[in-house]
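Observations on the three-dimensional arrangement
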Amino acid sequence: MTTLDHLWEHIHLYQSLQEIEDHVATRLHQQSINAVIVNPMTRDEQMIDTDEFITTRELRLMLYQDSRCPAWLKREIVWAELKRPN
């Protein structure tokens, strides 16, 4: 089961984007994943530390675009991105 599948299966346990980002960080750490590839859709295979990846637009976009993403989480993602410094 992937980290995102695990997240969606237990989404009812979370109440904020911060809790979800913490969950993803914990799961990646448990799986000994130290870095991930960001933005694979553009074939830009830049590696990034998991600690940095947790709050990237790429992860938030993956969450937002998933059909299992509830409306409350979509709202939190939009607000988090609007508050992101340029």
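First, a word on what this report is: a plain description of the structure on this page. Bear in mind that the values here come from a model prediction, so they are computed numbers and not experimental data.

Definitions and limits used
All chains use their own residue numbering, which begins from 1 and follows the written sequence. Only residues with pLDDT of at least 70 are given local features in this predicted model, and only at 80 or more are side-chain atom pairs given and counted; all residues enter the totals for whole chains, interfaces and linings. The side-chain numbers reported here are obtained from all heavy atoms of the structure, hydrogens and water having been left aside. Axes here refer to lines fitted to C-alpha atoms; in helices the fit is confined to the stretch in contact. Angles between the N-to-C directions go from 0 to 180 degrees. Elements are defined by DSSP. Helices are runs of H or I of four residues or more, strands are runs of E of two residues or more, and each kind is numbered from the N terminus. The scheme is simple: roughly parallel for angles under 35 degrees, roughly antiparallel for over 145, roughly perpendicular for 65 to 115, oblique for anything else. We call two residues in contact whenever any of their non-hydrogen atoms come within 4.5 Å of each other. Side-chain classes are defined by residue name, with Ala, Val, Leu, Ile, Met, Phe, Trp, Tyr, Cys and Pro counting as nonpolar, Asp, Glu, Lys and Arg as charged, and the others, Gly among them, as polar. To pair, rings of Phe, Tyr and Trp, with the six-membered ring standing in for Trp, must have centres within 6.5 Å; the planes then decide the type, stacked if under 30 degrees apart, edge-to-face if over 60, and tilted in the middle. Two thresholds decide whether a charge sits over a ring: the Lys NZ or Arg CZ must be within 6 Å of the ring centre and within 35 degrees of the ring normal. Patch criteria: residues need more than 30% relative accessible area and no salt bridge. Like-charged residues are merged within 9 Å; nonpolar side chains of Val, Leu, Ile, Met, Phe, Trp and Tyr are merged within 5 Å. Computed with a 1.4 Å probe, the accessible areas rest on the Shrake-Rupley method; for each residue, only the protein chains presented here act as cover. Just to be clear on terms, a salt bridge is a Lys or Arg side-chain nitrogen sitting within 4 Å of an Asp or Glu carboxyl oxygen. The rule is simple: take the accessible area with a 1.4 Å probe, protein chains only, and divide by the maximum for that residue type; under 20% is buried, over 50% is exposed, in between is partly exposed.

Moving on, we come to the packing of helix H2 (residues 17–30) against helix H4 (residues 57–65). For the pair H2 and H4, the least separation of the axes is 12 Å and the interaxial angle reads 110°. For the element pair H2 / H4, the angle class is roughly perpendicular. Along the contact surface, H2 presents Leu17, Ile20, Glu21 and Val24, while H4 presents Leu59, Arg60 and Leu63. Of the residues in the contact of H2 with H4, the class split is 5 nonpolar, no polar and 2 charged.

Attention now goes to the side chain of arginine 60. Here arginine 60 shows up in helix H4. Residues within four places of arginine 60 in sequence aside, it is in contact with Leu17, Glu21, Thr55, Ile77, Ala80, Glu81 and Arg84.

The next thing to look at is the packing of aromatic side chains. Under the criterion given, the structure shown has 0 aromatic pairs. One cation-aromatic arrangement involves lysine 74 over tyrosine 64; the distance from NZ or CZ to the ring centre is 5.1 Å.

Taken together, the side chains of Tyr64, Val78, Trp79 and Leu82 make up a nonpolar region of the molecular surface, amounting to roughly 430 Å² of accessible area. Mapped onto the elements of the fold, tyrosine 64 is located in helix H4. With a relative accessible area of 33%, tyrosine 64 lands in the partly exposed category.

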